[in-house]
Amino acid sequence: MTEPEETTPEPHPEKPSAFTARRNFIQFGIAAVGAAWAGALLQTRLFPVQTGVAEAQPVQFPLSELPVGTTRQITYAGQPAIVLRTPESIKAFSLICTHLGCTVEWQAANLEFYCPCHDGRFDQFGEVTAGPPPVPLESYPVQVVDDQVIVGETA
Ligand code: FES
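Note that the coordinates shown come from a computational prediction; the quantities given were computed from them, not determined experimentally. Throughout this document, residue positions are counted from 1 along each chain, in the order its sequence is written. Restriction of local features to residues with pLDDT of at least 70 applies here, the model being predicted, together with a cutoff of 80 or more for giving and counting side-chain atom pairs; totals for whole chains, interfaces and linings are based on all residues. The side-chain quantities take in all heavy atoms of the structure and omit both hydrogens and water.

Enquirer: What is the right way to read the side chain of S94 from this model?
Expert: Secondary structure elements follow DSSP: runs of H or I of four or more residues count as helices, runs of E of two or more count as strands, with numbering from the N terminus. The residue S94 is located in strand 4 (residues 90-94) in this model. A 1.4 Å probe rolled over the protein chains alone gives each residue an accessible area, and that area as a share of the maximum for its type sets the label: buried under 20%, exposed over 50%, partly exposed in between. A relative accessible area of 4% places S94 in the buried class. A polar side-chain atom of S94 sits 3.0 Å from the main-chain amide nitrogen of I96. What makes two residues a contact is simply this: any of their non-hydrogen atoms within 4.5 Å. The contacts of S94, once residues within four sequence positions are left out, are P80, A81, L137, E138 and Y140. Contacts described as polar in this section are N or O atom pairs within 3.5 Å, which, within protein, must combine one atom able to donate a hydrogen with one able to accept it, while residues neighboring in sequence count only if both atoms come from side chains.

In structure tokens:
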């Protein structure tokens, strides 16, 4: 009678051993960190971070294009902004939420700005009325000269 040959048990071909699984996990982790690092490096090379906001040039348009009770969206300093005309005044605000920078929406029916990201709300004067925004919306100077609305600093 022959003794069965003593062999090392082969791991199940479809189920890796604990060593193989740990090694694969470590290799995957190293690859993921390397890919993230390479991606970040590539992004900074392809899309260098711009320092500062675009230089703010005044925005001008005819007063007749902003009847009382209406708004006009503009781009000011490279950012979306809005000009509101009420019976009492004309005001301009950035549409960038002061919480985490989402774009707020003007809701004329409620006379408020609404930020859909975290339910932030601002009144028609840009003051925070609800949600996490820490400070009011940024406002811009507005003047009317010769029936022209001018948003922003003029020299
Ligand atoms: S980004 Fe506007 S409430 Fe958070």
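From this point, things continue past the structure.
Enquirer: I tried to follow the sheet that holds strand 4 on my own but got confused; where do I start?
Expert: Within a beta sheet, neighbouring strands are joined by backbone hydrogen bonds and run either parallel or antiparallel to one another. Pairing between strands requires that DSSP locate at least two bridges from one strand to the other. The sheet built from four strands is open, its strands ordered 2-3-4-9 with antiparallel pairing. Edge positions in the sheet fall to strand 2 (71-76) and strand 9 (139-140), since each of these pairs with one other strand and no more.

Enquirer: In this structure, what is going on with the confidence of the model for the protein chain? I would like to understand it.
Expert: Regions with low pLDDT carry predicted coordinates that are not meant to be interpreted in detail. Scored from 0 to 100, pLDDT records how confident the predictor is in each individual residue. When pLDDT is averaged across the protein chain, the result is 82; 67% of the residues are at 70 or more. Across residues 44-52 the pLDDT falls below 50, and counting only partners more than four positions away or on other chains, this stretch makes one contact in the model.

Enquirer: Please clarify how the packing of aromatic side chains should be interpreted in this entry.
Expert: Aromatic rings considered in pairs are described by the distance between their centres and by the relative angle of their planes. Within 6.5 Å between ring centres, the rings of Phe, Tyr and Trp (the latter by its six-membered ring) count as paired, and their orientation is classed by plane angle as stacked under 30 degrees, edge-to-face over 60, tilted in between. Across all of its chains, the model carries three aromatic pairs by this definition. Every member of this aromatic cluster is reached through a ring pair, and the members are F93, W106 and F113. The cationic tip of R72 hangs over the ring face of F61; the distance from NZ or CZ to the ring centre is 4.2 Å. A ring is scored as having a charge over it whenever the NZ atom of a lysine or the CZ atom of an arginine sits within 6 Å of its centre and within 35 degrees of its normal.

Enquirer: I tried to follow the pairing of strand 7 (residues 120-123) on my own but got confused; where do I start?
Expert: The side chains of a regular strand alternate between the sheet's two faces. Residues G120 and F122 point to one face of strand 7 and are all buried, whereas R121 and D123, pointing to the other face, are not buried. Of the pairings in the sheet, the one linking strand 6 (residues 112-115) to strand 7 comprises four bridges and is antiparallel in character. Residue pairing across strands places Y114 opposite R121, the latter belonging to strand 7. Alignment of strand 7 against strand 8 (residues 128-130), held across two bridges, turns out to be antiparallel. What sits directly across from F122, in strand 8, is V128. Hairpin remark: strand 7 followed by strand 8, antiparallel, with four residues in the connecting loop; positive phi at G126, about 85°.

Enquirer: Explanation requested: the state of the cysteines in the structure shown.
Expert: Here a disulfide denotes one covalent bond, and it connects the sulfur atoms of two cysteines. Cysteine sulfur pairs qualify as disulfides if the two atoms are within 2.5 Å. In this structure the tally under the stated criterion is one disulfide. Put simply, C102 and C117 are joined by a disulfide, and their sulfur atoms are 1.9 Å apart. What sets the handedness of the C102 and C117 disulfide is the S-S torsion sign, and at about -100° it is left-handed. Highlighted residues: C102 in the loop between strand 4 and strand 5 (105-107) and C117 in the loop between strand 6 and strand 7, separated in sequence by 15 residues.

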